Amino acid sequence: MANVPLVDRESATGPVKEQLDQINAAFGTVPAMFKAVANSPAALQSLWGAFGAFGGGTLGPALGEQIAVAVANRNACEYCLAAHTALGRKAGLSKDALSAAQDGRSEDPKVAALLDFALKLVNERGQVSAADVGKLREHGWDDEQIVETIAQVALNLFTNYVNIALDVPVDFPTVSLRRAG
């Protein structure tokens, strides 16, 4: 049972109702995480706005889901790991690619470098070096993509913390966490 009430779309009002209706239209349901976040209209607006912004970002949905899976596994967020694995499959990623992403790996060296950077951000609490950023550029990532990666990591930290701290029930097919290497 969640540590906050899960706001029901049918009983919500005002901007929260409007956003939950948009979320329902996008997913065909309102995932429990959004119902928990809906306790704060400002947090829900921020979260849904970020999802929308990244939908049109330069990294694309598949890479965004790989980042989310890597961050969720590192933070031991069962909810986000399950949700982003399901969303990754919808974005065309194979089971093997998503499994590798849990460990921050990819067969594509360019993607592997970005996932490594994302996990370094998490592990080092953002304390990365100019050399770390330079390594991304050497793999062909540009400044827009680097900044977007940092923003995606920050968004995923928020959702990980919401789901862990509030004990949000997982409403996606479960995926086994792995120990951080």
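Residues numbered from 1 in each chain as written. Predicted model: local features only at pLDDT ≥ 70, side-chain atom pairs only at ≥ 80, totals over all residues. Heavy atoms only, no water.

Just to check I follow, could you spell out the nonpolar core for this structure?
Here is a general trend for soluble globular proteins: nonpolar side chains tend to be buried in one another's company. Residues Leu20, Phe34, Leu44, Ile67 and Tyr79 are the most contacted members of the largest nonpolar core, which totals 51 residues. Examining the composition of this core, we find that nine residues originate from one element, helix H7 (residues 109-123), more than from any other. Apart from the residues lying within four places of it in its own chain, the contact partners of Tyr79 are Pro31, Ala32, Met33, Asn163, Val168, Pro169, Val170, Asp171 and Phe172. (Core = buried A, V, L, I, M, F, W, Y, C linked by side-chain atoms within 4.5 Å. Buried < 20%, exposed > 50% of the residue type's maximum accessible area, 1.4 Å probe, protein only. Helix = DSSP H or I, 4+ residues; strand = E, 2+ residues; numbered from the N terminus. Contact = heavy atoms within 4.5 Å.)

What is the right way to read the side chain of Thr149 from this model?
Mapped onto the elements of the fold, Thr149 is located in helix H9 (residues 143-165). Separated by 2.8 Å, the side chain of Thr149 and the backbone oxygen of Gln145 make a polar contact. (Polar contact = N/O pair within 3.5 Å; in protein donor to acceptor, adjacent residues only side chain to side chain.)

For this particular structure, what's the right way to read the packing of H7 against H9?
The packing of two helices is summarised by the inter-axis angle and the distance between the axes. H9 packs onto H7 with a crossing angle of 50 degrees between their chain directions and a minimal axis gap of 10 Å. Considering their axes alone, H7 and H9 lie oblique with respect to each other. As H7 packs across H9, the resulting crossing turns out to be right-handed. Where H7 abuts H9, its residues Leu114, Phe117, Ala118, Leu121 and Val122 lie against Thr149, Ile150, Val153 and Leu157. Of the residues assigned to the contact of H7 with H9, the class counts are eight nonpolar, one polar and no charged. (Axes fitted to C-alpha atoms, helices over the stretch in contact; angles between N-to-C directions. Parallel < 35°, antiparallel > 145°, perpendicular 65-115°, else oblique. Left-handed = near helix turned anticlockwise from the far one by under 90°. Nonpolar A, V, L, I, M, F, W, Y, C, P; charged D, E, K, R; others polar.)

Which parts of the structure should I look at to understand the layout of surface pockets?
To find leftover empty space, a probe the size of one water molecule is rolled over the atoms. Taken as a whole, the largest pocket spans an internal volume of roughly 420 Å³. Residue assignment for the lining of the largest pocket shows that the elements contributing at least two residues are helix H1 (14-27), helix H3 (41-55), helix H4 (60-74), helix H5 (78-90) and H9. For the lining of the largest pocket, the element with the highest residue contribution is H4, accounting for five residues. Here the residues of the lining of the largest pocket are counted per class, giving 10 nonpolar, seven polar and two charged. (1 Å grid on protein atoms, 1.4 Å probe; cavity = no way out; pocket = protein on both sides within 12 Å on 5 of 7 lines; lining within 4 Å. Points joined across faces, edges and corners; volume = space filled by probe spheres on them.)

What should I look at first to understand empty space enclosed by the protein in this one?
Applying the stated criterion across every chain yields a total of one cavity of 30 Å³ or more. The space that makes up the largest cavity amounts to roughly 100 Å³. Secondary structure elements with two or more residues in the lining of the largest cavity: helix H2 (32-37) and H5. The residue makeup of the lining of the largest cavity, split by class, is 10 nonpolar, two polar and no charged.

Even after reading the chapter, I still don't get helix H8 (residues 130-138), so can you show me in this structure?
Counting along an α-helix, one turn takes 3.6 residues, and residues three or four places apart therefore face a common direction. Of the positions making up H8, those classed as buried are Asp132, Val133, Gly134 and Leu136. A positive backbone phi angle near 95 degrees is found at Gly140, which sits one or two residues after H8.

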